[in-house]
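Structural overview
The lines below spell out each chain.
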Amino acid sequence: MFSFSYSILKFFNGMSKTVVRYKHPSDHWSVLRKKVHPIHKALNHFDDFYNQVFNKKWFSIRKALLGRQKYVAVVNYYGDNESTMSNLELRGALNMRTLFNLEKGYINETANEKKTKKVLDEVLRLDKIDENIVENINSNDSKEIELNAKQFSLAASLDNAELDTKRLVDSKNLLSTEILHEFIPATKIKGMEDFIPESSHYKMYDQDTNFAVKVEKQYDIRFPDHLNIYCYESGNNSDFDSPKKGKTGVYNYYLMDGGSILPVLALDIQPGHRILDMCASPGGKSLLAIQTLYPECVVSNDVSNSRLNRIKSVYEQFLYDFDEKWLDTGKVRLSNRDGRYILDESFDRILVDVPCTTDRHSLHENDNNIFKPSRIKERLQLPELQKELLLHALKLVRKGGIVVYSTCSLSPIQNDGVVHMVLKQIWEETNMEVLVKDMSPALLQTRSVYEFAVKNVFRYGHCVLPSIEQNYGPTYFCKLQKIN
Ligand code: SAM
């Protein structure tokens, strides 16, 4: 009896040993299916957060972000530029300068018509006026009106624009600030990172001080004469061929996201300028600045040494005799510092294209994704790092100089939120005077190429929204001028 029960027990014991759970290897389909990849985490985060910011619009932005990105071709002045341009045109690509000029002409014409109509309306309101007077106004004053309209666009150009000091931005009325109220500095959530959902990283942020912000409108964009950039019209999603090397041994054009053009145009680079690209790798925007042919010197800085090597290789591919003609002459400098500690040196223009959540990239690439659990602290600390980089740039730039802050994120925290924190800190702690350049009127001339977020989402800067027809961006940029 004993030996029978013992053998049954032994039999069941043996069975229980065989029921050990078998673990699939990490690349097995059933494991992969269950795993939440960083790209999915990113999408969840964006759905949760951007839905609140962009409302219904988020669904079309989302579709575009998940779709195929569109590029523009920046013609390399140091390649065979004339033949490159004719080839691009033969393939149906359009020169962006021509598109902007056409739109500018159309805007001026409409402004003239509106002005004529406004004068007529005013005159007709004085009811004693007979038709003869109206005819006179139509024939004689139209010249004057045209002149006025021209003066309007000239006078309203970057240099002569009047200070719009009436427009004080009340931090309480800013949508972005409302969202910023919900931002906790990453230091305050130490140890809780794994427990809070993405959306709750943005909790009460003490920000009750109102302060005045000077805003000046900019009415025109100066498109550098030698810069030639080609794009396909809205709805045409043709790809550009891969760049080719020409007679001079360098590539004929550089392909980049169309949104990336605008922060560089916003810098308004002039002949003889000294430019700092504070976070420059892989170097597309530095190269664009060089292609204007205006800078006396471009300093391309990046904190990462390996990424700095990428800039060098871009330069070698696009600027012939790079070492002798560019590095040795000091026209280009490669610098490997943390942008927050770049030593005092005066620059006319500084681009602060900060590390950010790189929204489009985060939805497509798992490798090195900022939404990886191992990078959560880094992600939460981004706004603080961005703030410090921008603040330092404003300290470095010369009086009257321009700083453009940019990201490739839709996040109001990383965009207007950071600008807001910086302006507030400057207001509270320094005597520096900074002007926000509202480029909305000037950007009207780019509307055949880009779609922008409406002004109540971003008050300080401008944001190119990805769309199915023009799948560029996201690119946020904010132009600031140091007055004092
Ligand atoms: N401007 C580049 C372009 O258009 O090709 C893209 C810049 S990318 C958005 C941000 C860069 O900032 C990364 O290359 C990163 O290594 C660099 N970076 C991150 N932290 C930095 C810091 N503290 N100082 C300087 N660069 C930094």
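Residues numbered from 1 in each chain as written. Predicted model: local features only at pLDDT ≥ 70, side-chain atom pairs only at ≥ 80, totals over all residues. Heavy atoms only, no water.

1. What to know about the pairing of strand S1 (residues 71-75)
- Taking burial as the measure, the five residues of S1 include four buried ones, the bulk of the element.
- In this structure, S1 lies alongside strand S5 (residues 253-257), joined through five bridges in antiparallel fashion. Counted as the bridge partner of Val74 is Tyr254 from S5.
- Pairing of S1 with strand S4 (residues 229-231) involves two bridges; the strand directions are antiparallel. Directly across from Ala73, in S4, lies its bridge partner Tyr230. (Buried < 20%, exposed > 50% of the residue type's maximum accessible area, 1.4 Å probe, protein only. Helix = DSSP H or I, 4+ residues; strand = E, 2+ residues; numbered from the N terminus. Pairing = 2+ DSSP bridges.)

2. Some words on the UniProt feature "active site" (unreviewed entry) in the chain
- Here, UniProt's "active site" (unreviewed entry) annotation points to Cys408.
- Inspection of the secondary structure assignment puts Cys408 in the loop between strand S10 (397-407) and helix H16 (413-429).
- Judged by relative accessible area, Cys408 falls into the partly exposed class, the value being 32%.
- Dropping the residues within four chain positions of it, Cys408 is found in contact with Cys356, Thr358, Asp359 and Pro474. (UniProt positions renumbered as here; feature names shortened; annotations may be inferred. Contact = heavy atoms within 4.5 Å.)

3. Overview of the pairing of strand S6 (residues 274-277)
- Pairing geometry for S6 and strand S7 (residues 297-301), over four bridges, is parallel. The residue of S7 that forms the bridge with Arg274 is Cys297.
- Crossover handedness for the path S6 to helix H10 (residues 284-291) to S7: right-handed.
- As defined by bridge partners, S6 adjoins strand S9 (residues 347-353) across three bridges and the pair is classed as parallel. Looking at the pairing, Ile275 lines up with Arg349 of S9. (Right-handed = clockwise from strand over helix to strand, strands pointing away.)

4. A few points about the side chain of Gln291
- Looking at where Gln291 falls in the secondary structure, it is placed in helix H10.
- Setting aside anything within four residues of it in sequence, one finds Gln291 in contact with Val74, Val75, Asn76, Tyr77, Tyr78, His226, Leu227 and Leu319.

5. Digging into the packing of aromatic side chains
- Counting across every chain of the model gives 20 aromatic pairs.
- With centroids separated by 5.7 Å and ring planes inclined at 40 degrees, the aromatic side chains of Tyr251 and Phe318 adopt a geometry described as tilted. In this pair, Tyr251 is assigned in the loop between S4 and S5 and Phe318 in helix H11 (residues 305-318), connecting sequence segments 67 residues apart.
- Judged by its relative accessible area of 4%, Phe318 falls in the buried class.
- Aromatic ring contacts, followed pair by pair, group Phe46, Phe49, Tyr50, Phe54, Trp58, Phe371, Tyr405, Phe458 and Tyr476 into a single cluster. (Phe/Tyr/Trp six-rings, centres within 6.5 Å; stacked < 30°, edge-to-face > 60°.)

6. Digging into the site of the ligand
- The full set close to the ligand counts 21 residues, and Asp302, Arg307, Asp338, Gly339 and Asp353 are the nearest of them.
- Ser281 is positioned such that a nitrogen or oxygen atom in its backbone is 3.4 Å from an oxygen atom of the ligand.
- Between a nitrogen atom of the ligand and a side-chain N or O atom of Asp353, the distance comes to 2.7 Å.
- Look at the ligand: alone it shows 600 Å² of surface, and the protein chains cover 87% of it.
- For the shell around the ligand, the elements supplying multiple residues, two or more each, are H10 and helix H15 (382-396). (Near = heavy atom within 4 Å. Polar contact = N/O pair within 3.5 Å; in protein donor to acceptor, adjacent residues only side chain to side chain. Areas by Shrake-Rupley, 256 points an atom, 1.4 Å probe, with all protein chains shown as cover.)

7. Describing the sheet that holds S4
- Pairing in this open sheet of four strands is antiparallel, and the strands run S2-S4-S1-S5 from one edge to the other. Each edge of the open sheet carries a strand with a single partner, namely strand S2 (94-95) and S5.
- Bridging between S2 and S4 involves two bridges; their strand directions are antiparallel. Bridge pairing in S4 places Leu94 opposite Cys231.
- Strands in contact with H10 are S1, S4 and S5; relative to S5, the strand with the most contacts, it is inclined by about 130 degrees. (Axes fitted to C-alpha atoms, helices over the stretch in contact; angles between N-to-C directions.)

8. Here's the deal with H11
- With 14 residues, H11 should reach 20 Å at 1.5 Å per residue; the first-to-last C-alpha distance of 20 Å fits that figure.
- For H11, the complete set of buried residues consists of Leu308, Ile311, Val314, Tyr315 and Phe318. Take H11 and look down its axis: the buried residues cluster within an arc of 110 degrees, on one side only.
- Contacts made by the buried residues of H11 are with S5, H10, S7, helix H12 (322-327) and strand S8 (332-335). (Expected span 1.5 Å × (residues − 1). Arc of directions from axis to C-beta.)

9. A short note on the packing of H15 against H16
- Packing of H15 against H16 leaves a shortest axis separation of 9 Å and a crossing angle of 50 degrees. Considered as vectors, H15 and H16 are oriented oblique to each other. Viewed along their axes, H15 and H16 form a crossing whose handedness is right-handed. On H16, the residues that touch Leu382, Pro383, Gln386, Lys387, Leu390, Leu391 and Leu394 of H15 are Ile413, Gln414, Val418, Val419, Met421, Val422, Gln425 and Ile426. (Parallel < 35°, antiparallel > 145°, perpendicular 65-115°, else oblique. Left-handed = near helix turned anticlockwise from the far one by under 90°.)

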